[in-house]
Amino acid sequence: MPDWLPQETVALRDRVTTLAHDVLVPLRDDSSLDPGDRAARIREASKQAGVFSMAQPEEFGGGATLLELTVVRDTLGAHNVCHLPGIFGPGPGVLGGVGEPLRSRYLAPVLAGEKRGAFGFTEPDDAERPTSARLDGGTLTVNGQKSYVTGGADADFINVLVEVEGRGPAMVVIDREAPGVDVVRTFGSVDGSRHAYMEFRDVRVPETHIIGRPGEGLPRAMRQIGDTRLAMAAESVGLARWVIDFVTEHIAKPHRSGTPLAAREGVRLRYADMRIRAYAARSMVYRTARLGDAGENIINEGIASKVFATEAVGEIVDTGIQLVGGAALRSGHPLEELYRRVRSLRLAEGASDILRLNLARGRLDLAKGRI
Ligand SMILES: Cc1cc2nc3c(=O)[nH]c(=O)nc-3n(C[C@H](O)[C@H](O)[C@H](O)COP(=O)(O)OP(=O)(O)OC[C@H]3O[C@@H](n4cnc5c(N)ncnc54)[C@H](O)[C@@H]3O)c2cc1C
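Residues numbered from 1 in each chain as written. Predicted model: local features only at pLDDT ≥ 70, side-chain atom pairs only at ≥ 80, totals over all residues.

*Asks:* Would you explain helix α1 (residues 7–29) in this entry?
*Replies:* Two residues of an α-helix separated by three or four positions point the same way, owing to the 3.6 residues in each turn. The terminal C-alpha atoms of α1 lie 32 Å apart, and with 23 residues this matches the ideal 33 Å at 1.5 Å per residue to within 8%. A20 marks where α1 bends most, by close to 40 degrees. Burial in α1 covers these residues: L12, V16, L19, A20 and L24. On its buried face, α1 is in contact with α2 (35–48) and α3 (66–78). (Helix = DSSP H or I, 4+ residues; strand = E, 2+ residues; numbered from the N terminus. Expected span 1.5 Å × (residues − 1). Bend = angle between axes of the 7 residues up to and from the residue. Buried ≥ 20, exposed ≤ 12 C-beta atoms within 10 Å, placed from the backbone. Contact = placed C-beta atoms within 7 Å.)

*Asks:* Is there a simple way to explain the nonpolar core in this structure?
*Replies:* A general tendency of soluble globular proteins is for nonpolar side chains to be buried together. The biggest cluster of nonpolar side chains holds 60 residues, and the ones touching the most others in it are A240, V285 and V317. Going through the elements one at a time, α1, α3, α5 (217–252), α6 (265–293), α7 (299–324) and α8 (334–343) are the ones with two or more residues in this core. Considering each element in turn, this core owes the most residues, 11 residues, to α5. Two domains each put at least three residues into this core: domain 1 (7–91) and domain 3 (218–364). Residue contacts for V285: discarding those within four places in its chain leaves T70, A233, A234, V237, S305 and A309. With 34 residues, the next largest nonpolar core counts L140, A155, I174 and V203 among its residues. (Core = buried A, V, L, I, M, F, W, Y, C linked by C-beta atoms within 7 Å. Domains from an automatic or database assignment.)

*Asks:* Would you mind showing me how to read unusual backbone geometry here?
*Replies:* Among all residues except glycine, the phi angle is most often negative; among peptide bonds, the trans geometry is most common. A cis amide bond, omega 5 degrees, links E100 with the succeeding residue P101. Along the chain, P101 turns up in the loop between α3 and α4 (102–111). With a phi close to 50 degrees, D202 is a non-glycine residue in the positive phi region. Positionally, D202 belongs in strand β7 (residues 194–206). By C-beta crowding, D202 is classed as exposed, having 10 other C-beta atoms within 10 Å.

*Asks:* Would you take a moment to explain the domain arrangement of the protein for this structure?
*Replies:* By a widespread convention, an interface's size corresponds to the accessible area lost as its parts come together. Splitting the protein by domain gives domain 1 (7–91), domain 2 (99–105 + 115–211) and domain 3 (218–364). On the side of domain 3, 19 residues touch domain 1, which itself brings 15 residues to the contact.

*Asks:* Whenever I open this one, the packing of α6 against α7 confuses me. Can you help?
*Replies:* Packed helix pairs are specified by the crossing angle of their axes together with the interaxial distance, meaning the distance between the axes. Where α6 meets α7, the closest approach of the two axes is 9 Å, and the angle between their N-to-C directions is 155 degrees. By the criterion of interaxial angle, the relationship of α6 to α7 is roughly antiparallel. Once α6 is placed against α7, the crossing between them reads as left-handed. Residues V267, R270, M274, R277, A278, A281, M284, V285, T288 and L291 of α6 touch α7, and the partners they reach there are E301, G302, A304, S305, F308, A309, A312, E315, I316, T319 and L323. Looking at the contact of α6 with α7, its residues break down into 13 nonpolar, four polar and four charged. (Axes fitted to C-alpha atoms, helices over the stretch in contact; angles between N-to-C directions. Parallel < 35°, antiparallel > 145°, perpendicular 65-115°, else oblique. Left-handed = near helix turned anticlockwise from the far one by under 90°. Nonpolar A, V, L, I, M, F, W, Y, C, P; charged D, E, K, R; others polar.)

*Asks:* Is there a simple way to explain the site of the ligand in this structure?
*Replies:* Neighbouring the ligand are 19 residues; F121, T122, T150, A348 and A351 lie closest to it. When residues of the shell around the ligand are traced back to their parent elements, those giving at least two are β1 (117–120), β3 (139–150) and α9 (352–364). Tallied by class, the residues present in the shell around the ligand amount to nine nonpolar, seven polar and three charged. Residue assignment places the shell around the ligand across two domains, with domain 2 (99–105 + 115–211) and domain 3 (218–364) each supplying three or more. (Near = placed C-beta within 6 Å.)

*Asks:* Please clarify how the pairing of strand β5 (residues 168–175) should be interpreted in this entry.
*Replies:* When you tally the buried positions in β5, you get six out of eight residues, the bulk of the element. One ladder, built from eight bridges, connects strand β4 (residues 157–164) with β5; its direction is antiparallel. Within β5, the position partnered with N159 by the bridge is V173. Hairpin connection, β4 to β5: the antiparallel pair is bridged by three residues, and G166 has positive phi, about 80 degrees. In this structure, β5 lies alongside strand β8 (residues 210–211), joined through two bridges in antiparallel fashion. Bridged to V172 within β8 is I210. (Pairing = 2+ DSSP bridges.)

*Asks:* When you look at the packing of α7 against α9 in this model, what are you seeing that I'm missing?
*Replies:* Look at α7 against α9: their axes get within 10 Å of each other, and the N-to-C directions meet at 150 degrees. Here α7 is positioned roughly antiparallel relative to α9, judged by the angle of their axes. Note that α7 runs across α9; the crossing there is left-handed. Across the interface between the two elements, N300, I303, A304, K306, V307 and E311 of α7 pack against S352, L355, R356, N358, L359 and G362 of α9. Considered class by class, the residues forming the contact of α7 with α9 number five nonpolar, four polar and three charged.

Structural data, given as structure tokens:
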């Protein structure tokens, strides 16, 4: 328990613990299951437990607080099931709060699971110029490229950050099948996810596909990334707990040296460090969620939580592997799998050092922020 929780949040945590323990862990471990069937069964169980729509907007049955979402993600992480598809219904992403026609054409179908969007933000290193658009007679003409669009090849549309000439950055909804949109190549990353490198050549998009107003693109994209960062931090602190439980059990077992590893002082020092880091990360994430629920601006706290928690879980998994030994590096071992999965967290949704620079800039150049 990071600190006291309201009674109904404790009940939520207990419900998610039962869901994870009784349903999600067995489904994760059943390798005979078809991935589609597994996701369908997870979806059903998650709906029954009242988790599925929690991260969706209130009008669509969701509207959970940051603290509730943190508790759920932490609990799922603590069972090493937070990565399973189907637990959460699709979120609105940058489409949150849009009006017509985007609401009926994209937001509602996304939340109903009928359409899937992807997020086009990152530019390749060798781009001659960032993705840009000319606005003429109610039509945008978009040219450019995005290098790391997760799920981009299978998405129905991409929310693309575009520099609109003379107006500033905007998030623009572009259908993947629109003429001029080209999925140049797809690739996988170490965590198991799939991405696309996409080009946009004279893609014509109605002006009504701009989310919000031109010039609002960056704050909108950053808000979406901000929510995702806190989610990643909450999962990281849960995963850290899972690793520590795994290691606790391992070092207490008999060891070929004749003494359980837990009896050795050197092992205890490493073990205590894991617990200290996990405690610090968890405290930070819960405090940030509470501040956010109280209506505070948590940009810096969100950055701090994402950097600290993702780096902490990286170190904790690494130490866990060291203490368990070579067996933990065998392909298919849960620590080996987790090692790959958590590595991407320090880059996705903001590389750690870039976030550090943002935080420093807020205080040194803008005199903003509490931390
Ligand atoms: C699993 C995964 C999923 C992703 N999904 C998406 C997605 O859906 N959509 C999307 O748009 N992107 C996505 N990305 C891309 C991700 O946002 C970028 O990888 C991340 O923002 C870093 O950008 P970059 O890779 O271009 O590295 P760079 O920006 O080149 O940075 C590389 C490193 O250089 C250093 N560095 C860079 N700039 C500075 C500086 N100014 N000062 C000091 N040091 C610096 C830092 O150490 C940094 O880690 C995903 C990435 C991963 C790993």
